[in-house]
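Survey of secondary and tertiary structure
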Amino acid sequence: MTEAHRHIFPYVIALGDDALVLGHRLSQWSSRAPTLEEDIALSNLALDLIGQARLFYTLAGKLEGEGRSEDDLAYFRDAAAFSNTLMVELPNGDFAHTMVRQLLYAAFTHPYFEALATSRHPGLAEIAAKAVKEMAYHVRHAAEWVIRLGDGTDESRQRTVAALDTLWPYVGELFEMDAAEQELARASIAPDREQLRPIWNATIDRVLGEAGLDRPERPPTGPTGGRAGKHVHLAEMLADMQSFARAHPGAAW
Amino acid sequence: MSATRETDGLCTGDADIARARAVAAAVPDPEIPVVTLADLGILRGVERRDGAIFVTLTPTYTGCPATLAIKLDVEAALLEAGFADAKVEIILSPAWSTDDITDEGRRKLREYGIAPPPPRATGGGELFSAPNVACPRCGSSDTTRISEFGSTPCKALWRCESCSEPFDVFKCL
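Our subject in this report is the structure included herewith. (Residues numbered from 1 in each chain as written. Chains lettered and ligands numbered in written order. Predicted model: local features only at pLDDT ≥ 70, side-chain atom pairs only at ≥ 80, totals over all residues.)

1. Concerning the interface of chain B and chain A
Often the size quoted for an interface is simply the accessible area lost on bringing the parts together. Contacts between the two partners involve 18 residues from chain B and, on the opposite side, 24 residues from chain A. Grouping the amino acids of the side of chain B that touches chain A by side-chain chemistry returns 10 nonpolar, 7 polar and 1 charged. (Contact = placed C-beta atoms within 7 Å. Nonpolar A, V, L, I, M, F, W, Y, C, P; charged D, E, K, R; others polar.)

Next up, the structure:
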């Protein structure tokens with residue numbers, strides 16, 4: 001790996017890990033969603049995220065130059081080698097929890113990919129230009145549900161408030177940048193996450209306003225460490241997700 | 001290297017590029033076989049590299065499961081047409097948009113019962129927006145979106161309030 005690639009590789013892996021882990025969580029709703037339409041919707045969203053992860057992993061494998069494929073990176077790394085945020089690995093919880101997480105994540109990722117599409121790294125820019133179009137309807141889908149749930153029955157409202165309360169502290173990690181990523185931001189390869197906060201705030205405030213929900217008063221900061229490989233729920237998820245590939249290494253289908 | 005092929009009459013000259021393009025362009029989409037790859041606007045280029053035909057395709061959605069099937073279909077069609085050395089590569093840039101679907105493709109979709117995608121300018125990423133879509137069966141614009149997600153990643157599920165029929169809409173990307 002060249003010096004430049006050594007910095008970009010972990011960053012690209014982190015982008016892939018967020019997408020893969022949330023994509024796998026969403027896929028766990030398949031056949032379990034409240035309606036058939038929603039079952040199809042969540043499976044479609046999962047497919048988008050897993051598709052994005054595949055592109056990031058394929059790029060990471062090329063940058064690393066050691067012949068690792070997207071499958072090697074998805075199925076043959078242990079939890080400590082994953083650098084996804086803690087929010088995306090949280091178990092799905094109820095439907096409100098899943099939808100609030102989708103909103104918090106997509107409201108960040110949509111403008112993030114918009115910014116990444118102007119990256120000086122052409123491989124990253126072209127993935128982001130593709131993925132940003134998908135994240136646009138991820139935001140819309142989550143927003144419509146959070147409004148419906150927040151402005152719905154006492155039960156749905158209560159569950160949505162609880163989900164917002166649980167997930168709010170995890171948002172902080174979405175905006176974190178380590179020294180290596182700050183270096184990439186200075187080189188106009190990675191967006192500066194903090195600069196996207198006003199856009200994220202505007203989307204969240206607009207949706208919560210429509211939903212008749214109060215924005216939590218405390219700042220959106222809390223559990224962290226996922227980027228450094230310190231995970232809570234990931235190992236259990238990977239044990240299931242990776243079991244088939246590890247039982248049959250090299251299998252093709 | 002190309003001398004042998006010239007005597008075979010295969011994979012040489014611009015006429016072959018045009019023929020390879022016609023073959024690749026006519027491959028049907030595996031999920032919506034009424035439209036071809038050219039109709040969808042996902043056939044990006046046909047050229048010659050190192051003597052062989054080189055085709056570039058672009059995926060519709062990042063996670064579209066049909067992408068690999070489409071690549072294999074194009075390879076098979078080119079092989080059958082005599083382009084034994086043809087290579088097919090998937091490229092991402094510039095990102096595909098539903099605006100790339102040709103007028104011919106839109107007509108075929110409509111006749112097949114799938115409302116063609118609205119122009120991006122009217123149905124893009126705006127929060128809380130839903131485009132106006134005409135029913136592909138009766139033409140009424142009194143339609144309702146049931147779900148933004150349908151039987152494939154590229155389709156949404158709608159219902160016509162005039163003729164009461166549900167229908168697919170090729171969603172705007």
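Now that the structure has been shown, the text picks up again.
2. Here's the deal with the sheet that holds strand β6 (residues 155-160) of chain B
Residues and elements named next belong to chain B. Taken together, 4 strands build an open sheet; the order of strands is β4-β7-β6-β5 and the sheet is mixed. The open sheet has two free edges, formed respectively by β4 (114-115) and β5 (143-147), since each of these has just one partner strand. With 4 bridges joining them, β5 and β6 adopt antiparallel strand pairing. What sits directly across from Thr144, in β6, is Arg159. (Pairing = 2+ DSSP bridges. Helix = DSSP H or I, 4+ residues; strand = E, 2+ residues; numbered from the N terminus.)

3. Quick notes on the packing of helix α5 (residues 95-116) of chain A against helix α6 (residues 122-150) of chain A
All names here are of chain A. Put simply, α5 and α6 touch, their axes get as near as 7 Å, and they point 150° apart. Taken together, the axes of α5 and α6 are roughly antiparallel relative to one another. Between α5 and α6 lies a crossing whose hand is left-handed. Grouping the amino acids of the contact of α5 with α6 by side-chain chemistry returns 21 nonpolar, 4 polar and 1 charged. (Axes fitted to C-alpha atoms, helices over the stretch in contact; angles between N-to-C directions. Parallel < 35°, antiparallel > 145°, perpendicular 65-115°, else oblique. Left-handed = near helix turned anticlockwise from the far one by under 90°.)

4. Regarding the pairing of strand β3 (residues 87-90) of chain B
Residues and elements named next belong to chain B. Sheet analysis places strand β2 (residues 52-57) next to β3, joined by 4 bridges and oriented parallel. The residue of β3 that forms the bridge with Thr56 is Glu89. Regarding topology, helix α4 (residues 66-80) serves as the crossover connection from β2 to the parallel β3, and that connection is right-handed. (Right-handed = clockwise from strand over helix to strand, strands pointing away.)

5. Some remarks on the sheet that holds β2(B)
Residue and element names in this part refer to chain B. Within the open sheet, the 3 strands sit side by side as β1-β2-β3. Their pairing is mixed. The strands lining the two open edges of the sheet, one partner per strand, are β1 (43-49) and β3. Each neighbouring strand pair of the sheet contributes to a mean axis angle of 20°, computed without reference to strand direction.

6. Structural notes on the nonpolar core
The biggest cluster of nonpolar side chains holds 121 residues, and the ones touching the most others in it are A:Val12, A:Phe56, A:Leu103, A:Val146 and B:Ala24. For this core, the leading source of residues is α6(A), giving 15 residues. Contacts of A:Val12, omitting those with residues within four sequence positions, involve A:Phe56, A:Leu59, A:Ala60, A:Leu63 and A:Leu124. (Core = buried A, V, L, I, M, F, W, Y, C linked by C-beta atoms within 7 Å. Buried ≥ 20, exposed ≤ 12 C-beta atoms within 10 Å, placed from the backbone.)

7. Overview of the pairing of β6(B)
Residues and elements named next belong to chain B. With 5 of 6 residues buried, β6 is to be regarded as a mostly interior element. Bridging between β6 and strand β7 (residues 166-170) involves 5 bridges; their strand directions are antiparallel. Paired with Ala156 across the bridge in β7 is Val169. If you look at the hairpin formed by β6 and β7, you'll find 5 residues sitting between the two strands, and Ser164 has a positive phi there, around 65°.

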